[in-house]
Amino acid sequence: MSHTLILLRHGQSEWNEKNLFTGWYDVSLTEQGRAEASRGGQLLAEAGYKPEVLHTSLLTRAIVTANLALEAAGRSWIPVNRDWRLNERHYGALQGKDKAQTLAEFGEEQFMEWRRSYDTPPPVLDDSSEFSQINDERYAALGDSAPRTECLKDVLERMLPYWEENIKADLSAGKTVMVTAHGNSLRALVKHLDGISDEDIANLNIPTGIPLVYELDDNFQPITKGGTYLDPAAAADAIKAVANQGRK
Ligand code: DG2
């Protein structure tokens with residue numbers, strides 16, 4: 001029996017538009033982002049996909065995207081699970097900083113190390129920062145273990161238990177699962193699914209609002225490596241734009 005897993009990065013957020021590092025900072029969608037989310041749902045409906053359960057993060061941009069996409073697909077009623085483990089990577093002291101200014105200030109190598117290396121986190125974000133989530137009630141249960149910065153490796157390590165215990169359980173029960181999350185939490189999941197090396201994952205970028213469908217075999221291995229974007233041409237353009245963020 002194969003399993004159907006639909007991955008959807010949220011539509012363009014207010015801080016994607018402004019080109020700011022976002023991480024755990026909670027922003028909503030732009031009008032364009034809302035349109036992308038609805039179109040993502042239409043693409044699912046046109047291709048005949050019927051999500052039966054949703055897993056999403058605790059961040060508004062992912063939650064609103066899921067709502068809009070499911071509404072457009074006629075599936076608003078399905079059960080929803082929200083968990084911090086699907087949150088975007090905590091971007092540490094970069095949260096709130098302009099990507100182009102950061103590139104200009106620190107140079108290409110450092111910029112890409114922070115953005116795309118597997119195991120180098122940005123500097124920690126001070127708890128007193130206006131961009132900190134340390135006193136945010138939605139993370140109260142994390143206590144002092146709440147992250148103050150994360151690299152992709154950290155994201156993978158906190159996301160994998162959720163994949164194993166929650167998402168795989170729904171797939172095993174025969175459900176079509178939709179995961180609406182973020183550029184880096186989805187990069188972590190794709191790294192795991194496709195067995196991408198720590199070096200090669202630097203080259204993987206996920207576009208906003210375009211469903212990426214994985215059919216998985218009995219061992220949860222992708223039948224088609226890399227999955228299938230429902231609008232491959234738009235995905236290819238958007239992937240280039242994400243890769244070039246911060247550059248003119
Ligand atoms: C972006 C990803 O996350 O940025 O935190 O700035 O998917 O929640 O918009 P998202 C952010 P990059 O790692 O692509 O710079």
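Only a predicted model underlies this, so the values are computations on that prediction, with no experimental measurement involved.

### Side note on a negative patch on the surface
Item 1. On the surface, a cluster of negative charge is made up of E109, E113, D119, E199 and D200.
Item 2. As for its placement among the helices and strands, D119 is situated in the loop between α4 (99–116) and α5 (152–172).

### Quick notes on the UniProt feature "site: Transition state stabilizer" (unreviewed entry) in the protein chain
Item 1. The sites that UniProt annotates as "site: Transition state stabilizer" (unreviewed entry) are H182.
Item 2. Here H182 shows up in the loop between β4 (177–181) and α6 (183–194).
Item 3. Sequence-distant contacts of H182, that is, excluding residues within four places in its chain, are made with R9, H10, S57, L59, R61, A62, L86, N87, E88 and R187.
Item 4. Looking at H182, its side chain comes within polar contact range of the side chain of S57, at 2.9 Å.

### Thoughts on the pairing of strand β1 (residues 3–9)
Item 1. Counting buried positions along β1 yields 7 of 7 residues, so the element is predominantly enclosed.
Item 2. Along β1, one buried face is formed by H3, L5, L7 and R9 and the opposite face, lined by T4, I6 and L8, is buried too.
Item 3. Bridge count for β1 against strand β5 (residues 212–216) is 5 bridges, and the pairing is antiparallel. When the sheet's bridge partners are listed, H3 is paired in β5 with L216.
Item 4. Inspection of the sheet shows β1 paired to β4 by 5 bridges, in the parallel sense. Bridge pairing in β4 places L7 opposite V179.

Parameters at a glance
- Residues numbered from 1 in each chain as written.
- Predicted model: local features only at pLDDT ≥ 70, side-chain atom pairs only at ≥ 80, totals over all residues.
- Heavy atoms only, no water.
- Patch = residues over 30% accessible without salt bridge, like charges linked within 9 Å, V, L, I, M, F, W, Y side chains within 5 Å.
- Areas by Shrake-Rupley, 256 points an atom, 1.4 Å probe, with all protein chains shown as cover.
- Salt bridge = Lys/Arg side-chain N within 4 Å of Asp/Glu carboxyl O.
- Lys, Arg positive; Asp, Glu negative; His and termini not counted.
- Charge placed at Lys NZ, Arg CZ, Asp CG, Glu CD.
- Helix = DSSP H or I, 4+ residues; strand = E, 2+ residues; numbered from the N terminus.
- UniProt positions renumbered as here; feature names shortened; annotations may be inferred.
- Contact = heavy atoms within 4.5 Å.
- Polar contact = N/O pair within 3.5 Å; in protein donor to acceptor, adjacent residues only side chain to side chain.
- Buried < 20%, exposed > 50% of the residue type's maximum accessible area, 1.4 Å probe, protein only.
- Pairing = 2+ DSSP bridges.

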